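Each chain, written out:
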Amino acid sequence: MNASYYRHPLGDFACIAVSDGLVNYPVASFFANAPQPEVAAALRRHGQRTDQVAALYTCLFVDTGQHRVMIDLGAGNLGAHADQVFPGLDHSTSATGSLVANLHAGGYSPADVDTVIITHAHPDHVCGALDEAGRPIFGAARYFIGQTEWDYWMSPATAGSTIPMADLVRPNLAPLADCMTFFDDGHELVPGIRAISTPGHTAGHMALSITSRGKELLHVSDVVLSPLHLEHPDWLPVFDQSPTDAAASKRSIFDHAAEEQALVFAHHFPPFPNLGHVVKQGAGWEWQPLVGDGW
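So, here's what we can say about the structure. (Residues numbered from 1 in each chain as written. Predicted model: local features only at pLDDT ≥ 70, side-chain atom pairs only at ≥ 80, totals over all residues. Heavy atoms only, no water.)

### As for the pattern of salt bridges
Stated formally: Each salt bridge in this description consists of a side-chain nitrogen of Lys or Arg and a carboxyl oxygen of Asp or Glu lying within 4 Å of one another. Relative accessibility thresholds used throughout: buried, under 20% of the residue-type maximum; exposed, over 50%; partly exposed, between the two (1.4 Å probe, protein chains only).
Tallying each qualifying case throughout the model produces six salt bridges. Among the salt bridges present, the one from Asp51 reaches Arg49, with a minimum N-O distance of 2.7 Å. Judged by relative accessible area, Arg49 falls into the partly exposed class, the value being 49%. The salt bridge involving Asp131 is made with Arg135; its shortest N-O contact spans 3.0 Å.

### Here's the deal with the pairing of strand β2 (residues 13-25)
Regular strands show a simple pattern: their side chains alternate between the two faces of the sheet. Stated formally: Note on conventions: DSSP H or I runs of at least 4 residues are helices, E runs of at least 2 residues are strands, and numbering of each starts at the N terminus. Two strands pair if DSSP finds at least two bridges between them.
Judged by how many residues are buried, β2 sits mostly within the fold: eleven of 13 residues are covered. Two elements, strand β1 (residues 5-10) and β2, share six bridges in a ladder whose sense is antiparallel. Within β2, the residue paired with Tyr6 across the bridge is Ala17. With antiparallel pairing between neighbouring strands as the criterion, β1 and β2 make up a hairpin whose turn holds two residues, including Gly11 at a positive phi of roughly 60°. Sheet topology places β2 next to strand β3 (residues 53-63); ten bridges connect them, and they run antiparallel.

### Considering unusual backbone geometry
Working note: non-glycine residues mostly have negative phi, and peptide bonds are mostly trans. Backbone torsion omega between Pro270 and Pro271 reads -10°, so that peptide bond is classified as cis. By the secondary structure assignment, Pro271 is in the loop between β13 (263-266) and β14 (275-281). A cis amide bond links Phe272 to the next residue, Pro273, at an omega of 20°. Along the chain, Pro273 falls in the loop between β13 and β14. For Asp72, which is not glycine, the phi torsion reads 75° and is therefore positive. Mapped onto the secondary structure, Asp72 falls in the loop between β4 (68-71) and α3 (82-85). Unusually for a residue other than glycine, Ser221 sits at a positive phi of about 50°. For Ser221, the position within the fold is in strand β12 (residues 215-221).

### Quick look at helix α10 (residues 243-260)
Just so we agree on the cut-off: One less than the number of residues in a helix, times 1.5 Å, gives the span that helix is expected to have. Comment: arc refers to directions from the helix axis out to C-beta atoms.
The end-to-end C-alpha separation of α10 is 25 Å, in line with the 26 Å expected for 18 residues at 1.5 Å each. Looking only at α10, the buried set comprises Ala246, Ser249, Lys250, Ile253, Phe254 and Ala257. One face of α10 carries all of its buried residues, which in axial projection span an arc of 105°. Relative to its buried face, α10 has exposed residues pointing more than 90 degrees away, namely Thr244, Ser252 and Glu259. Downstream of α10 by a residue or two, Gln261 has a phi angle that is positive, lying close to 55°.

### Structural notes on the sheet that holds β13
Quick note on the threshold: Only C-alpha atoms enter the line fits that serve as axes; for helices the fit covers just the stretch in contact. Angles between N-to-C directions range over 0 to 180 degrees.
With mixed pairing, the seven strands of this open sheet are ordered in space as β9-β10-β11-β12-β13-β14-β15. The open sheet has two edge strands, β9 (188-190) and β15 (284-289), and neither has a second partner. Each adjacent strand pair in this sheet contributes to an overall mean axis angle of 35°, direction not counted. Bridge analysis of β14 against β15 gives six bridges, and the strand direction is antiparallel. Looking at β15, one finds that Gly276 is bridged to Pro289.

### Thoughts on the pairing of β4
Bridging between β3 and β4 involves four bridges; their strand directions are antiparallel. Pairing of Leu60 across the sheet is with Ile71, part of β4. Turn length for the β3-β4 hairpin, with the two strands adjacent in sequence and antiparallel, is four residues, and the turn residue Gly65 shows positive phi of about 95°. Here three bridges tie β4 to strand β6 (residues 115-118), and the two strands are oriented parallel to one another.

### Some remarks on helix α2 (residues 36-45)
Keep this limit in mind: By definition in these notes, contact holds between two residues if any of their heavy atoms fall within 4.5 Å.
Buried within α2 are the following residues: Val39, Ala40, Ala42 and Leu43. One side of α2 holds all its buried residues, which, seen down the axis, span an arc of 165°. Residues of α2 that are exposed and angled more than 90 degrees away from the buried face: Pro37, Arg44 and Arg45. Packing partners of the buried residues in α2 comprise α1 (27-30) and α9 (228-231).

Right, dumping it as structure tokens:
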């Protein structure tokens, strides 16, 4: 397996998981309300470090035959100043901005992309929108974002707030306004890709159901950030805007994934290429990676 991109078929669709790097987070930011000794023990059981969480930044590209779709825009150079977005992020060992190079390595270029779908507008999903001259990197594409998500980030109230992400998000979204199409729950964005409203992480967070020839891939984006959020549904990250809504979204989409045995793509889940299945386990679920023996 190439560590920068990973090809996998879905019916008639060709999918490529494309690495955009990773960012190292303080453990407490991912599991803010959980007893930290229990978190450390859970991380050790999975062979993970206990002093920080390495969150993969991986985007999904889908060639449907009719459309070439990039889901999310990557983080750009966010890793270089990650601690400005959230104090405590380890910017010295974080690296982002490899989406375009790795897309090329996978056999496509930004000019090939005709559709961009933004699941939500946190900086790690939109700060790769523009090149150094301020032009959209995917310049030939039609862009889609949930109406609620756009309204939240572009509202004067959010712009004037103390939300540290807003100053990064708005300059990357605003230049896309003229090529942006807004959508709501259930909208078929291109044939075979349908929006699923999953609010909580952000006000207008969207997951995607991608289907071809009876095969389904659920792109859950940031409904949860770590496989431990599946095993322990009550452990919450600091990044969820509405924990109550996030809990309902988590229950709905992962119960569906388990019942239908759907393939799942999660933006931050280890191991690369962030693909796997979930199975019901007690009050939560278990993450079973498609590639590798564990995470």
